[in-house]
Amino acid sequence: MPTSPNTRVERGRRAILDALNQSFPATRQELSRRTGLAPSTVAGIVRGLLAEGLVHEHAATERAGRGRPSSPLSPHRPPGYLVGIDFGHTHVSAALASTAQQVVAEDRVPVDVDGSAGHALDRAGALVAGLLDRSKVPAGSVLRTVAGIPGPINQATGRIQSATILAGWAGVRPREELTARLGGEVTIANDAELAALAEHTHGAARGVSDLIYVKASHGIGAGLILAGRRYTGAYGASGEIGHTLVQEGGAQCRCGQRGCLESVVSIGEVWRQLIAAGLPLPEQPDELSLDALVGDPVVARIVADAGRRLGRVLSDLCNALDPAMLVIGGELATGGEPLLEGIRESLRRFAQPAISDRVHVRSSALGARAALVGALALAATEAII
Ligand SMILES: [Zn+2]
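The shown structure was predicted, so the numbers you read here are calculated from the model rather than taken from an experiment.

Rules and cut-offs
Residues numbered from 1 in each chain as written. Predicted model: local features only at pLDDT ≥ 70, side-chain atom pairs only at ≥ 80, totals over all residues. Heavy atoms only, no water. Domains from an automatic or database assignment. UniProt positions renumbered as here; feature names shortened; annotations may be inferred. Helix = DSSP H or I, 4+ residues; strand = E, 2+ residues; numbered from the N terminus. Core = buried A, V, L, I, M, F, W, Y, C linked by side-chain atoms within 4.5 Å. Buried < 20%, exposed > 50% of the residue type's maximum accessible area, 1.4 Å probe, protein only. Contact = heavy atoms within 4.5 Å. Donors = N, O, S within 2.8 Å, 3.2 Å for Na, K, Ca; no water. Tetrahedral: all angles 85-135°; square planar, octahedral: opposite > 155°, others 65-115°. Axes fitted to C-alpha atoms, helices over the stretch in contact; angles between N-to-C directions. Left-handed = near helix turned anticlockwise from the far one by under 90°. 1 Å grid on protein atoms, 1.4 Å probe; cavity = no way out; pocket = protein on both sides within 12 Å on 5 of 7 lines; lining within 4 Å. Points joined across faces, edges and corners; volume = space filled by probe spheres on them. Nonpolar A, V, L, I, M, F, W, Y, C, P; charged D, E, K, R; others polar. Salt bridge = Lys/Arg side-chain N within 4 Å of Asp/Glu carboxyl O. Phe/Tyr/Trp six-rings, centres within 6.5 Å; stacked < 30°, edge-to-face > 60°. Lys NZ or Arg CZ within 6 Å of the ring centre and 35° of its normal.

One can read the domain layout of the chain as domain 1 (5–75), domain 2 (81–196 + 370–383) and domain 3 (206–364). Here the C-alpha centroids of domain 1 and domain 3 sit 37 Å apart.

Laid out in structure tokens, this is it:
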């Protein structure tokens, strides 16, 4: 089906506003370079955005060669607030921020998110109400709420689409549920996608237009930024790499298959291996963090092995997508350098040399806050469209 001109213009508008939100002020030439849109297309779209008051133009400070003066542009920041929410598997966190993404208040509560969607949504509603109350911000001043969910969201229906990945949420429409609790405009996105956006906008991958963010925690998911844009797939289910088959007839996975990546690599699995290796660890720690442990050579070997197994799957993904950077986040990323080195080792072995020689593998710069920061970044873009 050919793309209608209106859809093309709408996509172009969106790309320019996204690019401006990520870094501003920016000239038309810079926007053309960052979005891949032709200079004449950028000029036309910017004219429209200026007329609508969605961007404003600063006085030209320098001349670009002999051409016309190059006036930098910035997004218009309407007065008001943004709310970001991150549903983890065992917690909910929320932040209230200005439209320039300056955090005013932030909080986090432990919740069994997987077990009951209704309970987790109620807790999120109470958390946001508490933040507004504490900051003396009326609910009506919130321009946009963005919530990250650790599962695939069907973009057409808004429903959580997998009964196997987030069992307690199957068929739930989180946007409608949160709108009923909070009011206003609510957007739902996958948490790894939001974390990818956060690392791209404010974290380890600033200025990198092709990156894969890997959330390696209790499960394994990926968020993709391709050609500078968030890529969610045709139906919103991209990045479910945790259910890649790595071991025929292997351990049972929560999705019903055997031998999935996340049944052999997860923070829980690494923890079990550490206990089996005789390390004196609590069986159910509150927070699973490896950074204090990886100085021990046994721990470093177990973590590096998890990195190699994860890297095997990432090699195939790199061969298909040729990203400039892999950003590793989630609790397993607290394994630090041994984990990254394990991933690099597999990339050297299994990815094409043209790719493995160039791809950078880094830890998340935003850590456990990545999805929340990404929720605010997306809310900032959505609030001005
Ligand atoms: Zn699975």
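Additional details are given in the paragraphs that follow.
Per the UniProt record, "domain: HTH iclR-type" (unreviewed entry) is annotated on residues 15–56. Annotation note: span residues 15–56, helix share 71%, strand share 5%, distance between end C-alpha atoms 17 Å.

Another point: the nonpolar core. Ranked by internal contacts, the top residues of the largest apolar core, which has 40 residues, are Leu274, Leu290, Leu310, Leu314, Leu326, Ile328 and Ile343. Elements with a minimum of two residues in this core: strand E8 (211–216), strand E9 (220–226), helix H7 (261–264), helix H8 (267–276), helix H9 (297–321), strand E11 (325–329) and helix H10 (336–350). With nine residues, the single largest contributor to this core is H9. Excluding residues that lie within four positions of it along the chain, Leu326 makes contacts with Ile212, Leu314, Cys318, Ile343, Leu347, Val359, His360, Val361 and Arg362. Among the nonpolar cores identified, the runner-up in size contains 30 residues, and Leu96, Val111, Val128 and Leu132 belong to it.

The next thing to look at is the coordination of the zinc ion. For the zinc ion, the protein coordination sphere consists of His243 (ND1), Cys253 (SG), Cys255 (SG) and Cys260 (SG), at 2.0 to 2.4 Å. What the four donor atoms of the zinc ion show is an angle range of 104 to 123° at the metal, which sorts the shape as tetrahedral. A relative accessible area of 6% places Cys253 in the buried class. Take Cys255: its relative accessible area is 19%, and that puts it in the buried class.

For the rest of this paragraph, the subject is the packing of H8 against H9. At a closest axis distance of 10 Å, the pairing of H8 and H9 adopts a crossing angle of 150°. As for how H8 packs across H9, the hand of that crossing is right-handed. Listed contacts from H9 to Val270, Gln273 and Leu274 of H8 are Val299, Ile302, Val303 and Ala306.

Looking now at the layout of surface pockets. A volume near 870 Å³ is recorded for the largest pocket. If you trace the largest pocket, you find 40 residues lining it, with Thr90, Ser217, His218, Glu287 and Glu331 closest to the centre. Contributions of two or more residues to the lining of the largest pocket are made by strand E3 (81–87), strand E5 (103–110), helix H6 (191–202), E8, H8, E11 and helix H12 (370–383). Examining the composition of the lining of the largest pocket, we find that four residues originate from one element, H8, more than from any other. Here the lining of the largest pocket is built from residues that sort into 15 nonpolar, 15 polar and 10 charged. When residues of the lining of the largest pocket are assigned to domains, at least three map to each of domain 2 (81–196 + 370–383) and domain 3 (206–364).

To continue, consider the packing of helix H2 (residues 28–35) against helix H3 (residues 39–52). Relative to each other, H2 and H3 sit at 115°, their axes nearing to 9 Å. Read as a crossing pair, H2 and H3 show a hand that is right-handed. Here H2 contributes Arg28, Leu31, Ser32 and Thr35 to the contact with H3, which in turn contributes Pro39, Val42, Val46 and Leu50.

Let's shift gears to the pattern of salt bridges. Enumeration according to the criterion identifies 23 salt bridges in this entry. In this structure, the salt-bridge partner of Glu382 is Arg14, at a minimum N-O distance of 3.0 Å. Of the two residues, Glu382 is situated in helix H12 and Arg14 in helix H1 (residues 5–22); the sequence distance between them amounts to 368 residues. Assessed through its relative accessible area of 13%, Glu382 is described here as buried.

Attention now goes to the packing of aromatic side chains. Evaluation of the coordinates by the stated rule reveals one aromatic pair. Taking the centre distance of 5.3 Å and the plane angle of 75° together, the rings of Phe87 and Trp169 count as edge-to-face. Pair noted here: Phe87 is in strand E3 and Trp169 is in the loop between strand E6 (142–149) and helix H5 (174–182), with a separation of 82 residues, a long-range link. The pair Phe87 / Trp169 is uniform in exposure class, with both members buried. For the cation-ring pair, Arg312 lies above Phe350, with the distance from its terminal atom to the ring centre recorded as 4.3 Å.

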